Amino acid sequence: KAGVTQTPRYLIKTRGQQVTLSCSPISGHRSVSWYQQTPGQGLQFLFEYFSETQRNKGNFPGRFSGRQFSNSRSEMNVSTLELGDSALYLCASSSLPGTGGPEAFFGQGTRLTVV
Amino acid sequence: AQRVTQPEKLLSVFKGAPVELKCNYSYSGSPELFWYVQYSRQRLQLLLRHISRESIKGFTADLNKGETSFHLKKPFAQEEDSAMYYCALRDQGAQKLVFGQGTRLTINP
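To keep things clear, this report deals only with the structure shown in the data block. Since the model is a prediction, treat every value here as computed from it, not as a measurement.

### So, the pattern of salt bridges
Close approach of charged atoms allows side chains with opposite charge to pair.
Residues and elements named next belong to chain A.
Right, so step 1: The final tally for this structure, using the stated rule, is nine salt bridges over all chains.
Right, so step 2: Residues D85 and R63 are paired through a salt bridge, measuring 2.8 Å at the closest nitrogen-oxygen approach. Here D85, found in the loop between β8 (74–78) and β9 (87–94), pairs with R63, found in the loop between β6 (53–57) and β7 (64–68); they are 22 residues apart in sequence, far enough to count as distant. No difference in accessibility class separates D85 from R63, as the two residues are buried.
Right, so step 3: A salt bridge links E75 to R67, with the nearest nitrogen and oxygen atoms 3.3 Å apart.
Right, so step 4: Since its relative accessible area comes to 16%, E75 is described here as buried.
Right, so step 5: By relative accessible area, R67 is classed as partly exposed at 47%.

### Things to note about the sheet that holds strand β3 (residues 19–21) of chain B
All names here are of chain B.
Right, so step 1: Sheet architecture is open: three strands sit in the order β3-β8-β7, paired in antiparallel fashion. Of all strands in the sheet, those with a lone pairing partner are β3 and β7 (60–61), marking the two edges.
Right, so step 2: In this structure, β3 lies alongside strand β8 (residues 72–74), joined through three bridges in antiparallel fashion. The partner of E20 across the bridge, within β8, is K73.

### Quick notes on the pairing of strand β11 (residues 103–108) of chain B
Residue and element names in this part refer to chain B.
Right, so step 1: Of the two faces of β11, only the one carrying T103, L105 and I107 is buried; R104, T106 and N108 on the other face are not.
Right, so step 2: One ladder, built from five bridges, connects strand β2 (residues 10–14) with β11; its direction is parallel. Pairing of L11 across the sheet is with L105, part of β11.

### Some thoughts on unusual backbone geometry
Right, so step 1: With omega at -10°, the peptide bond leading from A:T7 into A:P8 counts as cis.
Right, so step 2: Inspection of the secondary structure puts A:P8 in the loop between β1 (5–7) and β2 (10–13).
Right, so step 3: A positive phi is found at A:E52, a non-glycine position, where the angle reads about 70°.
Right, so step 4: Within the secondary structure layout, A:E52 lies in the loop between β5 (42–50) and β6.
Right, so step 5: In the Ramachandran plot, B:K57 falls in the positive-phi region, its phi being about 50° despite a non-glycine side chain.
Right, so step 6: B:K57 sits in the partly exposed class, given a relative accessible area of 49%.

### As for the interface of chain B and chain A
Right, so step 1: Listed per partner, the contact involves 20 residues of chain B and 28 residues of chain A.
Right, so step 2: Contact between chain B and chain A buries roughly 1,900 Å² in total, counting both sides, with carbon and sulfur atoms accounting for 45%.
Right, so step 3: Connecting chain B to chain A are seven residue pairs in polar contact (both at pLDDT 80 or more).
Right, so step 4: In terms of residues, the side of chain B that touches chain A owes the most to one element, strand β5 (residues 32–38) of chain B, which gives three residues.

### A look at the environment of B:L44
Residues and elements named next belong to chain B.
Right, so step 1: Mapped onto the elements, L44 comes out in the loop between β5 and β6 (45–49).
Right, so step 2: The class for L44 is buried, based on a relative accessible area of 3%.
Right, so step 3: L44 sits 28 residues away from L72 along the chain, and the two C-alpha atoms are 17 Å apart.

Calculation notes
- Residues numbered from 1 in each chain as written.
- Chains lettered and ligands numbered in written order.
- Predicted model: local features only at pLDDT ≥ 70, side-chain atom pairs only at ≥ 80, totals over all residues.
- Heavy atoms only, no water.
- Salt bridge = Lys/Arg side-chain N within 4 Å of Asp/Glu carboxyl O.
- Helix = DSSP H or I, 4+ residues; strand = E, 2+ residues; numbered from the N terminus.
- Buried < 20%, exposed > 50% of the residue type's maximum accessible area, 1.4 Å probe, protein only.
- Pairing = 2+ DSSP bridges.
- Contact = heavy atoms within 4.5 Å.
- Buried area = accessible area lost by both parts, 1.4 Å probe.
- Polar contact = N/O pair within 3.5 Å; in protein donor to acceptor, adjacent residues only side chain to side chain.

The following block contains the structure:
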């Protein structure tokens, strides 16, 4: 079956603009989480959604937001972009959250460059 | 606080030599530990999880709760093992993963 799909793959934005990234999980998966990957900070957790509800949020400013739709697709939005937001944004999906639960499958990521 | 530490950013070994990638964690409770791997131009993928206790591609990892470690080992390295390796910890009851900074493993011919 198709893997986790993230669109777009690459994006260039100007400081101050906003951006929306999309993630389509593996069919049947209801849990989606987002990560920011940078050379300096590594992989950092942004949010986690399950059945349209945000279950967990990482330590990021309020400019970072997300949502999940009834079909489990998820979007994340970053407003008032800063140069430091340049990163690879990864989405992961799994069938269920929880202890001993199934693994998380990652997408290829969206490479965001803020100029 | 939950934290995962991978002390080596870079590790280089020769083909056929043993490999050990170190991972230490701090967590209050019973953690779930994972090793993820990212080969060049590929997506991040699960290599091992401590609850399965299996060997994947010749790699094994044992959870040592006394030393709070989850080191990844392989007795004989192969060139195709060259990749970025991340140790990660998962909150119970959630999907959130806390990652270490990663170790770039290079296997020299």
